[in-house]
Each structure stands twice: as structure tokens, then as C-alpha cells.
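A look at the structure
Here is how the chains run, residue by residue.
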Amino acid sequence: DDYPPTVQKEKYTWHRIETQYMDLAVLGKYFLTHANTRFRPYIAGGLIIGILVNQNEAYSVFSKSNSITYDFPTFEGGVVGKAGLLFNLNDHLGFYTEFRSSFTHLFPDDIIPGLNSLLYNLTFGIYL
């Protein structure tokens, strides 16, 4: 009697590794209107680098092993972009809102290839 070979599936486990990076960005900003207008829309873009300040087991990762002891890279790098609007009440007081997005990639990526971070945020504030 011939029996079909049994298929053995590999066991994967979800892990969560929490990393906290302090991001430092260098941006260029371009205002779309003149400095003396009440509404001043702008765009900005640049490079961002992150420095690892804390790592705990908490970020979702699918792996074959039950325990993870990854040491994440000290640095991550990427690009950042913003679009915003200033509302000038007078020369020294106004309000602003801006939408920011950043894309970063851990380097080197030999730990988990292709681990990227894509962040968005919307900010409202007062400037003096």
C-alpha cells in the first residue's frame, strides 16, 4: 500500500517588539505666498534620521521561533514631507495647521528585511 507523504507545516509565532526612535529631521520649507499675506500655505520636505532610545518586546513580527532576541539597529533613516497653512493675526501672533508624513527604513535590515515605518500626523498650533 502506498500512502501519501504527510505534509508538515512550519509553526510561526507572532511577536511584538516595541522600538522607540528619536527622530531628527532637516527640512527645507517653501511658502507659496508673500510674507505679508494673511494666509500663507507652505510645503516642506527633507531627510530624517532616527536614533534608537528604547527597545522592548512588543512590535508584531511573524517568526518561526518562540523567542525573539533581536537587537534592532541604532539608526533608521528616511524622508519626511509636510504641507501646512499659517494664518497671521499680526506680525507676532498666528495659528497654523500642518499635515506631516514620514517614511523610514531600519538600516542595516539583516534582522527583519524590509521593516519600514510610515507615519502620518495632523498638527494644530499657535506661533508667537
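You'll find the structure just up there.
Quick caveat: nothing in here was measured; it's all calculated off a predicted structure.

Within the protein chain, the regular secondary structure consists of zero helices and five strands. Element order for the protein chain, N to C, with α for helix and β for strand: β-β-β-β-β. Expressed as a percentage of its 128 residues, the buried residues of the protein chain come to 24%. Sequence separation of at least 24 residues holds for 69% of the intrachain contacts in the protein chain that already meet a minimum separation of 6. Approximately 9400 Å² of the protein chain is accessible, and the part contributed by carbon and sulfur atoms is 59%.

We now examine the environment of Phe103. Relative to the elements of secondary structure, Phe103 occurs in strand S4 (residues 93–107). In this structure Phe103 comes out as partly exposed when scored by relative accessible area, which is 37%. Counting along the chain gives 16 residues from Phe103 to Leu119, while the straight-line C-alpha distance between them is 6.6 Å. With sequence-adjacent residues up to four places away left out, Phe103 is seen in contact with Ile48, Gly77, Gly78, Val79, Asn116, Ser117 and Leu118.

A word on the side chain of Glu98. One can find Glu98 in strand S4. In terms of polar contacts, Glu98 uses its side chain to reach the side chain of Tyr42, at 2.5 Å. Apart from residues no more than four positions distant in its own chain, Glu98 is found in contact with Tyr42, Lys82, Ala83, Gly84, Asn121, Leu122 and Thr123.

Further remarks concern the layout of surface pockets. Here the second largest pocket is characterised by a volume of approximately 160 Å³. What lines the second largest pocket is simply Ala35, Asn36, Thr37, Arg38, Asn88, Leu89, Asn90, Asp91 and Tyr127. The greatest single-element share of the lining of the second largest pocket, amounting to three residues, is contributed by strand S3 (residues 75–90). Here the lining of the second largest pocket is composed, by residue class, of three nonpolar, four polar and two charged.

Following the sequence through the fold, Leu32 ends up in the loop between strand S1 (13–31) and strand S2 (39–63). Not counting residues up to four positions away in its chain, the partners in contact with Leu32 are Pro41 and Tyr42.

Reading guide: rules and limits
Residues numbered from 1 in each chain as written. Predicted model: local features only at pLDDT ≥ 70, side-chain atom pairs only at ≥ 80, totals over all residues. Heavy atoms only, no water. Helix = DSSP H or I, 4+ residues; strand = E, 2+ residues; numbered from the N terminus. Buried < 20%, exposed > 50% of the residue type's maximum accessible area, 1.4 Å probe, protein only. Contact = heavy atoms within 4.5 Å. Areas by Shrake-Rupley, 256 points an atom, 1.4 Å probe, with all protein chains shown as cover. Polar contact = N/O pair within 3.5 Å; in protein donor to acceptor, adjacent residues only side chain to side chain. 1 Å grid on protein atoms, 1.4 Å probe; cavity = no way out; pocket = protein on both sides within 12 Å on 5 of 7 lines; lining within 4 Å. Points joined across faces, edges and corners; volume = space filled by probe spheres on them. Nonpolar A, V, L, I, M, F, W, Y, C, P; charged D, E, K, R; others polar.

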